[in-house]
Amino acid sequence: MKLAILGAGAWGTALAIAFSRHHQVTLWGRDPAQIQQMADERVNRRYLADCPFPGALNVSADLAEAADGAELLLIVTPMSGLRPTLRALTALDIALPPILWACKGFESGSSLLPHQVVAEELPSDHRCGVLSGPSFAREVAQDLPSAVTIASDDAEFAAYVARELHSPRLRLYANNDLVGVEVGGAVKNVMAIATGVADGLHFGLNARAALITRGLAEITRLGVALGASQQTMMGLSGMGDLILTCTGELSRNRQVGLKLAEGKALEQVLQELGHVAEGVATAREVLTMAERLQVDMPITAAVCGLLYQGNDPQQVVDGLLGRSPKSESGGALD
């Protein structure tokens with residue numbers, strides 16, 4: 001299959017490296033200088049310096065050149081780049097092939113999920129879907145075993161893409177619960193910030209397990225309120241992605257929490273990180289949506305207080321632990 005990967009960050013580069021082992025792939029980036037350096041050195045030195053490109057991987061800074069003739073486009077930008085990339089594609093004088101996106105989060109300001117942004121920018125009958133799941137870019141680029149989900153409202157399309165792109169080292173599973181897969185991929189980043197704070201304060205493994213478990217309950221409540229299947233939250237893009245992001249040393253969002261626990265200001269944390277941590281912007285959008293839908297999300301609210309109200313990390317975690325006892329299935333105890 002001929003693919004165009006749009007977005008030359010860590011995740012886009014990793015997917016380009018992985019898929020180019022079995023397919024014809026062009027990796028597009030919007031910075032011509034960066035793309036030229038990558039073409040010359042055959043590595044993305046900024047994001048994955050120890051993961052050289054396979055010989056078959058092409059790189060380009062020309063969007064029309066990358067997209068023309070592709071059988072599948074995969075948009076791998078931060079959430080903020082999804083709509084601009086879609087608009088740039090629709091402005092091209094080419095017939096657009098099916099599109100996947102690997103963006104995780106809610107659009108800032110609108111609180112839209114990725115598929116809702118796509119619905120506003122592409123015709124309703126355009127074949128499209130999301131790629132999401134527990135996967136660190138570096139491990140995918142290094143050809144370590146991983147498993148992710150392809151989700152689409154078009155179950156036939158999801159199954160087709162999963163079959164075409166599946167490999168022993170990057171296993172793809174099809175799913176028709178687009179909302180559930182996107183909610184899981186978005187909100188787990190918020191929970192990873194909370195878990196990083198608890199880890200940074202040395203609250204122990206018991207506290208980490210409690211946060212992950214109650215975080216999954218929050219994700220599930222929001223997902224179901226938005227029309228997702230509860231079963232999806234038990235799968236790769238729900239529980240799987242949550243566990244990885246809350247425990248893995250490569251997790252950017254967990255690193256945000258760890259650094260906040262050290263008493264560093266958010267601006268300093270993000271500057272030191274050097275990568276986009278989607279949970280920072282996502283937290284506010286999730287809380288806004290939860291309040292509108294009357295979904296109880298105390299961990300998300302605590303993370304927002306930490307990020308945007310300057311609340312003390314110790315007090316934030318103490319506040320969560322000091323909440324009144326409830327039934328595990330929800331509701332106060334009599």
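Given the structure is predicted, the values throughout are model-derived calculations rather than measurements. (Residues numbered from 1 in each chain as written. Predicted model: local features only at pLDDT ≥ 70, side-chain atom pairs only at ≥ 80, totals over all residues. Heavy atoms only, no water.)

**Q** Mind showing me how you'd approach the UniProt feature "domain: Glycerol-3-phosphate dehydrogenase NAD-dependent N-terminal" (unreviewed entry) in the protein here?
**A** The UniProt record marks residues 2–157 with the feature "domain: Glycerol-3-phosphate dehydrogenase NAD-dependent N-terminal" (unreviewed entry), using the residue numbering of this structure. Helix makes up 32% of residues 2–157 and strand 20%, whereas the separation of the span's terminal C-alpha atoms amounts to 16 Å. (UniProt positions renumbered as here; feature names shortened; annotations may be inferred. Helix = DSSP H or I, 4+ residues; strand = E, 2+ residues; numbered from the N terminus.)

**Q** Is there a simple way to think about the packing of helix 8 (residues 178–200) against helix 14 (residues 298–308) in this case?
**A** Two packed helices can be described by the angle between their axes and the distance between those axes. Running from amino to carboxyl end, helix 8 crosses helix 14 at an angle of 70 degrees, the nearest separation of the two axes being 9 Å. Our classification of the angle between helix 8 and helix 14 gives roughly perpendicular. Contact with helix 8, carried on its side by V190, M191, I193, A194 and V197, involves I299, T300, V303, L306 and L307 of helix 14 and no other residues of that element. Of the residues contributing to the contact of helix 8 with helix 14, the split by class is nine nonpolar, one polar and no charged. (Axes fitted to C-alpha atoms, helices over the stretch in contact; angles between N-to-C directions. Parallel < 35°, antiparallel > 145°, perpendicular 65-115°, else oblique. Contact = heavy atoms within 4.5 Å. Nonpolar A, V, L, I, M, F, W, Y, C, P; charged D, E, K, R; others polar.)

**Q** What is the right way to read the domain arrangement of the protein from this model?
**A** How big an interface is tends to be stated in terms of the accessible area lost upon association of its parts. According to the domain assignment, the protein contains domain 1 (2–176) and domain 2 (179–322). The centre of domain 1, based on its C-alpha atoms, is set 25 Å off from the matching centre of domain 2. Taken together, the contact pairs 30 residues of domain 1 with 29 residues of domain 2. Here domain 1 and domain 2 share an interface that buries about 2,200 Å² over both sides, 67% of which is from carbon and sulfur atoms. Together, K104, F106 and F136 form the three largest contributors to the area buried by domain 1 at its contact with domain 2, with a combined 32%. Between the two partners, domain 1 and domain 2, sit one salt bridge. Between K104 and D241 there is a salt bridge whose closest N-O contact spans 2.8 Å. The interface formed by domain 1 and domain 2 contains six residue pairs in polar contact (both at pLDDT 80 or more). (Domains from an automatic or database assignment. Buried area = accessible area lost by both parts, 1.4 Å probe. Salt bridge = Lys/Arg side-chain N within 4 Å of Asp/Glu carboxyl O. Polar contact = N/O pair within 3.5 Å; in protein donor to acceptor, adjacent residues only side chain to side chain.)

**Q** How should the sheet that holds strand 6 (residues 128–132) be read in this particular structure?
**A** The pairing of strands in a sheet happens through backbone hydrogen bonds and is either parallel or antiparallel. Strand order in the open sheet formed by eight strands is 3-2-1-4-5-6-7-8, with mixed pairing between adjacent strands. In this open sheet, the two edge strands, each paired with only one partner strand, are strand 3 (58–60) and strand 8 (170–175). Neighbouring strand axes in the sheet, compared pairwise and without regard to direction, differ in orientation by 25 degrees on average. As defined by bridge partners, strand 5 (residues 99–101) adjoins strand 6 across three bridges and the pair is classed as parallel. Each bridged residue has a counterpart across the sheet, and for W101 the counterpart in strand 6 is V130. Most of the contacts of helix 1 (residues 10–19) go to strand 2 (residues 24–28), to which it runs at about 165 degrees, and overall it touches strand 1 (2–6), strand 2, strand 4 (72–75), strand 6 and strand 8. Where helix 10 (residues 236–247) meets the sheet, its contacts fall on strand 6, strand 7 (146–151) and strand 8, and the angle it forms with strand 7 comes to roughly 145 degrees. (Pairing = 2+ DSSP bridges.)

**Q** Where do I start with the layout of surface pockets in this structure?
**A** If you roll a probe as big as a water molecule over the atoms, it shows you where there is empty space left. Empty space within the largest pocket amounts to approximately 1,300 Å³. In terms of lining, the largest pocket is formed by 47 residues, of which the most central are G9, A10, W11, P78 and R252. Contributions of two or more residues to the lining of the largest pocket are made by helix 1, helix 4 (82–90), helix 6 (137–141), helix 8, helix 10 and helix 11 (252–261). The class makeup of the residues in the lining of the largest pocket is 20 nonpolar, 17 polar and 10 charged. (1 Å grid on protein atoms, 1.4 Å probe; cavity = no way out; pocket = protein on both sides within 12 Å on 5 of 7 lines; lining within 4 Å. Points joined across faces, edges and corners; volume = space filled by probe spheres on them.)

**Q** Explain a nonpolar patch on the surface to me, please; I cannot follow it from the model alone.
**A** Together, M234, M239 and I243 give the surface a local cluster of nonpolar side chains, amounting to about 250 Å² of exposed area. With respect to the element layout, M234 can be found in the loop between helix 9 (205–225) and helix 10. M234 sits in the partly exposed class, given a relative accessible area of 44%. (Patch = residues over 30% accessible without salt bridge, like charges linked within 9 Å, V, L, I, M, F, W, Y side chains within 5 Å. Areas by Shrake-Rupley, 256 points an atom, 1.4 Å probe, with all protein chains shown as cover. Buried < 20%, exposed > 50% of the residue type's maximum accessible area, 1.4 Å probe, protein only.)

**Q** It is not clear to me how the pattern of salt bridges should be interpreted in this structure. Could you clarify?
**A** Oppositely charged side chains may form a pair once their charged atoms are brought near each other. Following the criterion strictly, the structure yields 16 salt bridges and no others. Note that K259 is salt-bridged to E272, the shortest N-O span being 3.3 Å. Linking K259 in helix 11 with E272 in helix 12 (residues 266–273), this pair joins segments that are 13 residues apart in sequence. Ionic pairing is found between E272 and K264, a salt bridge with its closest N-O pair at 2.9 Å. Overall, the relative accessible area of 37% leaves E272 in the partly exposed class. Connected through salt bridges with shared partners, the residues R83, R87, E107, E120 and E121 form a single ionic network.

**Q** Where do I start with empty space enclosed by the protein in this structure?
**A** All chains considered together, the criterion is met by two cavities of 30 Å³ or more. Taken as a whole, the largest cavity encloses approximately 60 Å³ of empty space. Along the walls of the largest cavity sit A18, R21, H22, V140, D143, L144, S167, R169 and L170, which together make up its complete lining. Across the lining of the largest cavity, the residue classes break down as four nonpolar, two polar and three charged. In this model, the second largest cavity occupies a volume close to 30 Å³. Every residue lining the second largest cavity is listed: A18, F19, H22, H23, L165, S167 and L170. For the lining of the second largest cavity, the class distribution of residues is four nonpolar, three polar and no charged.

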